[in-house]
Amino acid sequence: MSLVEEIQQLKKEKNAVVLAHYYVNDEVQAIADYIGDSYYLAKVAVGLKEQTIVFAGVKFMGESAKILNPEKTVLMPDEKADCPMAHMAEIERIEEVRKEYDDVAVVCYINSTTELKMHSDVCVTSANAMKIVKALPNKNIFFIPDENLGRYIAEKVPEKNFIFNDGYCHVHKAVTADMVKRAKESHPEAEVLIHPECTLDVLDLADYIGSTSGIIDYATKSDKKEFIISTELGVLYQLKQNNPDKKFYSAGSTQICPNMKKVTLEKVRDCLRDGTGVVEVDDETRIRSLQPLQRMLDLAK
Ligand code: 13P
Ligand code: SF4
């Protein structure tokens, strides 16, 4: 039996479903039941009929699925697949900012630890951050942990006062404006599609800025035939599946997330077969971090 057949059989036997982010390896996306951006995957995890969710992604994604579905078993194929940015904010700083501004909303990018979520007022993803920040009654917004997404949203919502934090995604930060300009010189007809975790000088060069799903939808619906992509290159799998007649170029070769790439087919099979990689969130953490996640789902509707 092939590895893929083994996984399909185990999914049936264990009443399991596989959710995958667009950044994981192509062959893992190919066996997933649901593939999407962080917002879609958080939404889809709620209300699945299967008892076990295998989360092909990084730790904060598996934890969010568990917090939203405490009665389910959530398995991570590689428990060491963790997003470094998720740790790039300090509880002490949140407390300081809360003291300084009485009406502040702590807006927490979903790429964060459960501890950071527990101390936040609302979660956001790149797909819904603008809508949620606009909907908040608060004038002051402390945006954690990602400075780049925060600065992008701040430009779009000038009526709010933003306080930034210095977290970043190393994969997106490694893309420079020069790289995008060079790609544009080589492919002058191509449209430039950029993820908002990139720095503002890079975003200035974009024809479209959006989440991974946003980028895929934009390229799929566009009449253009060539695109320069500035996000993790796992998105190329779905872009090429949806658009076999279009050409995609990367803005540089560095856009690979080593943590997302830790998830392999073998590890998906092993966690299903052996029941390993169980995501555990204690009750107090779960109840407190559910509030900002649930508020995100309500405000983003
Ligand atoms: P989205 O899929 O929500 O755009 O997130 C990008 C990301 O960096 C996930 O780790
Ligand atoms: Fe974290 Fe960046 Fe990897 Fe996404 S791509 S998991 S934000 S390091």
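Every chain's residues receive numbers from 1 upward, in the order its sequence appears when written. Chains and ligands are labelled by the order in which they are written, letters from A for the one and numbers from 1 for the other. Given that this is a predicted model, residues contribute local features only at a pLDDT of at least 70 and side-chain atom pairs are listed and counted only at 80 or more, while totals for whole chains, interfaces and linings are drawn from all residues. Values reported for side chains reflect all heavy atoms of the structure, with hydrogen atoms and water molecules removed beforehand.

## Observations concerning the pairing of strand β12 (residues 247-250)
In this sheet, β12 lies alongside strand β11 (residues 226-230) in parallel orientation, the contact comprising 4 bridges. Each residue of the ladder has a partner; that of I228, found in β12, is Y249. Should DSSP find at least two bridges between two strands, the strands are taken to pair. Only runs of H or I of at least four residues qualify as helices and only runs of E of at least two qualify as strands under DSSP, and these elements are numbered from the N terminus.

## What about the site of ligand 1?
Residues are classed as near a molecule or strand on a simple rule: at least one heavy atom within 4 Å of it. What surrounds ligand 1 is a group of 14 residues, the closest being H21, S38, H195, E197 and T212. Residues adjacent in sequence count toward polar contacts only when both atoms are side-chain atoms; beyond that, a polar contact is any pair of N or O atoms within 3.5 Å, and within protein one must be able to donate a hydrogen and the other to accept it. Between an oxygen atom of ligand 1 and a side-chain N or O atom of H195, the distance comes to 2.7 Å. For accessible areas, the Shrake-Rupley method is used with a probe of radius 1.4 Å. Any residue's cover is judged against the shown protein chains and nothing else. In the complex, the protein chains occlude 97% of the 300 Å² of accessible area that ligand 1 would expose alone. The residue classification treats Ala, Val, Leu, Ile, Met, Phe, Trp, Tyr, Cys and Pro as nonpolar and Asp, Glu, Lys and Arg as charged. All others, Gly included, are polar. Looking at the shell around ligand 1, its residues break down into 5 nonpolar, 7 polar and 2 charged.

## Brief notes about the packing of helix α12 (residues 212-221) against helix α13 (residues 235-242)
Here α12 crosses α13 at 25°, and the two axes come no closer than 10 Å. Overall, the two elements α12 and α13 adopt an arrangement that is roughly parallel. Like other packed secondary-structure pairs, α12 and α13 cross with a definite hand, here right-handed. Residue-level inspection shows T212, I215, I216, A219 and T220 of α12 in contact with α13, the latter providing V235, Q238, L239 and N242. The residue makeup of the contact of α12 with α13, split by class, is 5 nonpolar, 4 polar and no charged. Note on geometry: axes are lines fitted to C-alpha atoms, helical ones only across the stretch in contact, with angles between N-to-C directions running from 0 to 180 degrees. Note that the term roughly parallel is reserved for angles under 35 degrees, roughly antiparallel for angles over 145, roughly perpendicular for angles of 65 to 115, and oblique for everything else. Whether a crossing is left-handed or right-handed is set by the direction in which the near helix is turned from the far one by less than a right angle, anticlockwise for left-handed and clockwise for right-handed. By definition, residues are in contact when any of their heavy atoms lie within 4.5 Å.

## Describing the side chain of S222
With respect to the element layout, S222 can be found in the loop between α12 and β11. Assessed through its relative accessible area of 14%, S222 is described here as buried. A distance of 3.2 Å separates a polar atom in the side chain of S222 from a polar atom in the side chain of E191. If we ignore the near neighbours within four places in the chain, the residues touching S222 are E191, F227 and K246. Remark: exposure states derive from per-residue accessible area (1.4 Å probe, protein chains only) relative to the maximum for the residue type, with buried under 20%, exposed over 50%, and partly exposed in between.

## Re the site of ligand 2
Close contacts around ligand 2 come from Y23, V58, C83, P84, M85, N111, C169, H170, E197, C257 and M260, and that covers them all. Class assignment of the residues belonging to the shell around ligand 2 gives a composition of 8 nonpolar, 2 polar and 1 charged.

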